[in-house]
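# Structural characterization, general
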Amino acid sequence: MTAIPNVYAAEPIPDSAMQEVQRLLSTGDLFRYTAAEDSPVALLEQEYAALLGSKYALAVSSCSAALFLSLKALDLPRDAKVLIPAFTFAAVPSSVVHADCIPVLCECQDNYRIDMDDFAVKLPNVDAVIISHMRGHTSDMDAIMTLCDAANIPVIEDAAHSLGTTWHGRNIGTLGKIGCFSFQSYKLINAGEGGILVTDDADLVARAIIMSGAYEHNWQKHPVLQDAFAKWQNQLPLYNLRLSNLSAAIVRPQLGELARRVTDGRRNHDHVATQLNASPWFNVPEKLAPELRAPDSIQFNLDGLNEVQTREFARISAEKGVKVQVFGLSSDNARAFWNWQFLGDTPDLPQTRAMLNKACDVRLPARLSLADCDAVAKLLVESVAQVMGNAIAA
Ligand SMILES: *Cc1c(COP(=O)(O)O)cnc(C)c1O
């Protein structure tokens, strides 16, 4: 029997990072704006923009910082309303609050994506939209962009966990006006912390660059039309959300690993999905047709389990060695909207709530072998069978 893999362990950082880290440590050159040009952060921005097919990239301290700066760069008035999915990470409504805007929560479906009926109803009353492609599940970007373009409402893509995913062959994060990504350890590229935003809009990125902390004339070290910057000199607050050279040195060699991580992650996901779908108690939602996914975890819905049985399934799985997170079934889950009590009263969103109470989350990193994946799938299927015993699935 294959041992149950540790799905939380990270992949090693490529050896090639070491030489650059050594160089930075020996020179102490850790600040992105010390060198006249080609600092590791600046090189990362060029490489990332090229990889994604965007004109501009700005590396910052986290994806949350990127989301906050995106809202600020859009120059939304105080108390502007920003539509966000009700299924997202607490950092998203937090970034909206941080930017002095008001989040408006949109229902999500059983397949973890935006409910387009609720979206269409709420869109006329908002000033901007953030689409979180949660766990890389891409909402219907054709429908979203059509509606938002017609209403002239800017779309920020929260692609924190969607690097490598494509939609009609185009990279997620390049479909809206701005795309934001994370380098936090649980994402496809791991620098511990870090984030980056991409856009084709020179004026927008100029504003974001200055506000990220390109004080005085440090903006001259960014390859953006210089006119776009000159008019904002001394006009904008400096929030100092920069990335350090050390982080960039750890990210850059991982860009070359991306294609493999995407392919292996998808292989692992689809392999486990087939086995889970063979159980009457599990349902892994289908992806949308234009989407090519880059998963590093799997989400599936429990079918026909009540709350007691759901908790029992999670308990037994954990006991056997795989932690299953049911998004809605803990008092502190940061992806359950009713736990965002910093918003005051959250609206009742019964459809998203019902989904969160049956949606399970299991990490499935690209480095797992198919035998590892078999062990995980078998454990989950056996755990649910143990709970449900001789019950007959609907
Ligand atoms: C991880 C994550 C974030 C936050 O990223 P940080 O870099 O930790 O700020 C935001 N949105 C989604 C969907 C995420 O998965």
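Everything here concerns the structure above.
The notes below deal with the structure included here. (Residues numbered from 1 in each chain as written. Predicted model: local features only at pLDDT ≥ 70, side-chain atom pairs only at ≥ 80, totals over all residues. Heavy atoms only, no water.)

## Section: the overall build of the chain
Our working definition: Helix and strand assignments follow DSSP, with helices taken as H or I runs no shorter than four residues and strands as E runs no shorter than two, numbered in order from the N terminus. We call two residues in contact whenever any of their non-hydrogen atoms come within 4.5 Å of each other. We get accessible surface area from the Shrake-Rupley algorithm with a probe of 1.4 Å; when it comes to residues, only the shown protein chains can shield them. Only four residue types enter the charge count, namely Lys and Arg as positive and Asp and Glu as negative; His and the chain termini do not. Note that the charge is assigned to NZ on lysines, CZ on arginines, CG on aspartates and CD on glutamates.
Each helix and strand in the chain was counted, giving 13 helices and 14 strands. Referenced to the eigenvectors of the C-alpha coordinate spread, the extents of the chain come out at roughly 70 × 50 × 35 Å. Across the chain, contacts joining residues at least 24 apart in sequence account for 70% of those joining residues at least 6 apart. Of the roughly 16400 Å² of accessible surface on the chain, 52% is carried by carbon and sulfur atoms. One finds the centroid of the 33 positive side-chain charges in the chain at a distance of 2 Å from the centroid of its 45 negative side-chain charges.

## Topic: the environment of Thr199
Note the cut-off: We call two N or O atoms a polar contact when they sit within 3.5 Å, provided that within protein one can donate a hydrogen and the other can accept it, with sequence-adjacent residues counted only if both atoms are side-chain atoms.
Position of Thr199 among the secondary structure elements: in strand S9 (residues 195-199). Sequence separation between Thr199 and Leu188 is 11 residues, and the spatial gap between their C-alpha atoms is 20 Å. Here Thr199 is in contact with Ser54, Lys55, Tyr56, Lys177, Ile178, Leu204 and Val205, once residues within four sequence places are set aside. For Thr199, the side chain forms a polar contact with the main-chain nitrogen of Asp201, separated by 3.1 Å.

## Some details on helix H6 (residues 141-151)
Threshold: Exposure is judged per residue with a 1.4 Å probe applied to protein chains only, and the accessible area is read against the type maximum: over 50% gives exposed, under 20% gives buried, and values in between give partly exposed. The reported arc concerns the directions from the helix axis to the C-beta atoms and nothing else.
Those residues of H6 lying buried are Met141, Ile144, Met145 and Cys148. Around the axis of H6, the buried residues are gathered within 90° of arc, so they sit on the same side. Residues of H6 that are exposed and angled more than 90 degrees away from the buried face: Thr146 and Ala150. Looking at the buried side of H6, the elements it contacts are helix H5 (116-122), strand S4 (128-132), strand S5 (155-158) and strand S6 (166-167). Phi for Asn152, located one or two positions after H6, is positive at around 60°.

## Focus on the packing of aromatic side chains
Here is the rule we go by: Two rings from Phe, Tyr or Trp (for Trp, the six-membered ring) form a pair when their centres sit within 6.5 Å of each other. Planes less than 30 degrees apart are called stacked, planes more than 60 degrees apart edge-to-face, and all others tilted. A ring is scored as having a charge over it whenever the NZ atom of a lysine or the CZ atom of an arginine sits within 6 Å of its centre and within 35 degrees of its normal.
This structure, assessed with the given rule, holds 12 aromatic pairs. Pairing Tyr48 with Phe181 gives two aromatic rings, centres 5.4 Å apart and planes at 70°, and the pair type is edge-to-face. Placement of the pair is Tyr48 in helix H2 (residues 40-52) and Phe181 in strand S8 (residues 178-182), with a sequence separation of 133 residues. Each member of the pair, Tyr48 as well as Phe181, is classed as buried. By way of ring pairs, the aromatic residues Tyr48, Phe181 and Phe183 are connected into one cluster. Across from the ring centre of Trp232, 4.3 Å away, lies the NZ or CZ of Arg207, which sits over that ring. Positioned over the ring face of Trp338 is Arg353, at 4.3 Å from the centre of the ring.

## Structural notes on H2
Here is the rule we go by: To estimate how far a helix should extend, the number of its residues minus one is multiplied by 1.5 Å.
The first and last C-alpha atoms of H2 sit 18 Å apart over 13 residues, in line with the 18 Å expected at 1.5 Å per residue. Among the residues making up H2, those that are buried are Pro40, Val41, Ala42, Leu44, Glu45, Tyr48, Ala49 and Leu52. Phi turns positive one or two residues past the end of H2, at Gly53, with a value near 85°.

## Quick look at the nonpolar core
Going by this rule: Remark: nonpolar core denotes a set of buried residues (Ala, Val, Leu, Ile, Met, Phe, Trp, Tyr, Cys) joined through side-chain atoms within 4.5 Å.
Counting 60 residues, the largest nonpolar core has Val82, Ile130, Leu197 and Ile209 as its most contacted members. Among all residues touching Leu197, those that are not within four sequence positions of it are Tyr56, Ala57, Leu58, Ala66, Leu69, Ser70, Ile178, Gly179, Cys180, Val205 and Ala208. Of all hydrophobic cores here, the second largest spans 42 residues; its members include Ile153, Leu188, Leu258 and Val262.

## Quick notes on the sheet that holds S6
Short version of the rule: Here, strands pair whenever DSSP counts at least two bridges between them.
Strand order across the open sheet formed by 3 strands is S7-S6-S11, with antiparallel pairing between neighbours. Lying at the two open borders of the sheet, with one neighbouring strand each, are strand S7 (170-171) and strand S11 (291-292). Of the pairings in the sheet, the one linking S6 to S7 comprises 2 bridges and is antiparallel in character. Its bridge partner lying in S7, Trp167 is registered against Arg170.

## Focus: unusual backbone geometry
Look at Tyr112: it is not a glycine, yet its phi comes out positive at around 75°. Among the secondary structure elements, Tyr112 is positioned in the loop between strand S3 (102-106) and H5. Of note in the backbone geometry, Asn152 takes a positive phi value of approximately 60° without being a glycine. For Asn152, a relative accessible area of 69% translates into the label exposed.

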